[in-house]
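One-letter residues, chain by chain:
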Amino acid sequence: MNDAIGPAPERQALAAHSVESLREEDCWSLLGARGIGRLASIGADGGPDIFPVNTLLHERKVYFRSGPGMKLVQVTAEPRVAVEFDGGEPPWRWSVVIRGTARRLDRDDEIEASGVADLVSLSPTPKDDFVCVEPSAVSGRRFRTDYPSKG
């Protein structure tokens, strides 16, 4: 039997008790107001694509800016998306996934109310389009990273 596949039984038992599914409320609390997420969308070829995006969370919706290009084309053609965030403080790490529907914002009052126009992007390219992801599902997991090592 190959011991390199999967954790040893004692680590497997520890891992089973060290992974916690998060309640939706806990997920939103971990996220805060701004961050960097990974937008998963469906490409023209039907395969998945992932884009890093600077995000703003407002009223339990995810907002980001975009410039013209593949990301905006893809979320317009197929608005079902997911946005993943992760972080943590030792000994914990967490991951939150928000699944939902993306839509390009076209009303000035909605852009202003969300605050997305003030969102600063780390990318140097102009980002003059605004997108909102309205969640249909929010899930998260937290896990320990301080497993005891076996000497």
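Residues numbered from 1 in each chain as written. Predicted model: local features only at pLDDT ≥ 70, side-chain atom pairs only at ≥ 80, totals over all residues. Heavy atoms only, no water.

Along the backbone of the protein there are 4 helices and 7 strands. The helix and strand sequence of the protein, counted from the amino end, reads α-β-α-β-β-β-α-β-β-α-β. Per-residue burial over the protein gives 34% buried out of 151 residues. Of the contacts made within the protein by residues no fewer than 6 positions apart, 68% connect residues no fewer than 24 positions apart. Working note: accessible area of the protein is about 9,500 Å², and carbon and sulfur atoms make up 53% of it. (Helix = DSSP H or I, 4+ residues; strand = E, 2+ residues; numbered from the N terminus. Buried < 20%, exposed > 50% of the residue type's maximum accessible area, 1.4 Å probe, protein only. Contact = heavy atoms within 4.5 Å. Areas by Shrake-Rupley, 256 points an atom, 1.4 Å probe, with all protein chains shown as cover.)

Within the largest apolar cluster, 22 residues are counted, with the highest numbers of intra-cluster contacts made by L31, L39, V62, F85, V96, I98 and V133. Broken down by secondary-structure element, the contributors of at least two residues to this core are α2 (24-31), β3 (48-58), β4 (61-66), α3 (70-77), β5 (80-87), β6 (92-104) and β7 (129-144). Those residues within four positions of F85 in sequence are excluded, and the remaining contacts are L31, I36, G37, R38, T55, L57, V62, W94, S95, V96 and I98. (Core = buried A, V, L, I, M, F, W, Y, C linked by side-chain atoms within 4.5 Å.)

The peptide bond linking P90 to P91 adopts the cis configuration, its omega dihedral lying at 5°. Tracing the sequence through the fold places P91 in the loop between β5 and β6. For E59, which is not glycine, the phi torsion reads 50° and is therefore positive. Structurally, E59 is set in the loop between β3 and β4. Even without glycine at this site, R60 takes up a positive phi of about 60°. Turning to its location among the elements, R60 is positioned in the loop between β3 and β4.

For the rest of this paragraph, the subject is the confidence of the model for the protein. The predicted model of the protein averages 88 in pLDDT, with 85% of residues at 70 or higher. Ranking the elements of the protein by mean pLDDT puts helix α1 (residues 9-18) last, at 56, and β5 first, at 97. (pLDDT = per-residue confidence, 0-100.)

Moving on, we come to the pattern of salt bridges. Under the defined criterion, the tally for this structure stands at 12 salt bridges. The salt bridge partner of R60 is E25, with a shortest N-O separation of 2.7 Å. With R60 in the loop between β3 and β4 and E25 in helix α2, this pair connects stretches of sequence that are 35 residues apart. The partly exposed category is assigned to R60, whose relative accessible area is 36%. Overall, E25 belongs to the partly exposed group, its relative accessible area being 42%. Here E78 ties to R80 by a salt bridge, and the two come within 2.9 Å at their closest N and O atoms. A single salt-bridge network, built from bridges that share partners, covers R103, R107, D109, E110 and E134. (Salt bridge = Lys/Arg side-chain N within 4 Å of Asp/Glu carboxyl O.)

Tallying each qualifying case throughout the model produces 0 aromatic pairs. A cation over an aromatic ring shows up here: R142 above the ring of W92, its NZ or CZ 5.3 Å from the ring centre. Of note, R144 hangs over the ring of W92, and the distance from its end group to the ring centre comes to 5.1 Å. (Phe/Tyr/Trp six-rings, centres within 6.5 Å; stacked < 30°, edge-to-face > 60°. Lys NZ or Arg CZ within 6 Å of the ring centre and 35° of its normal.)

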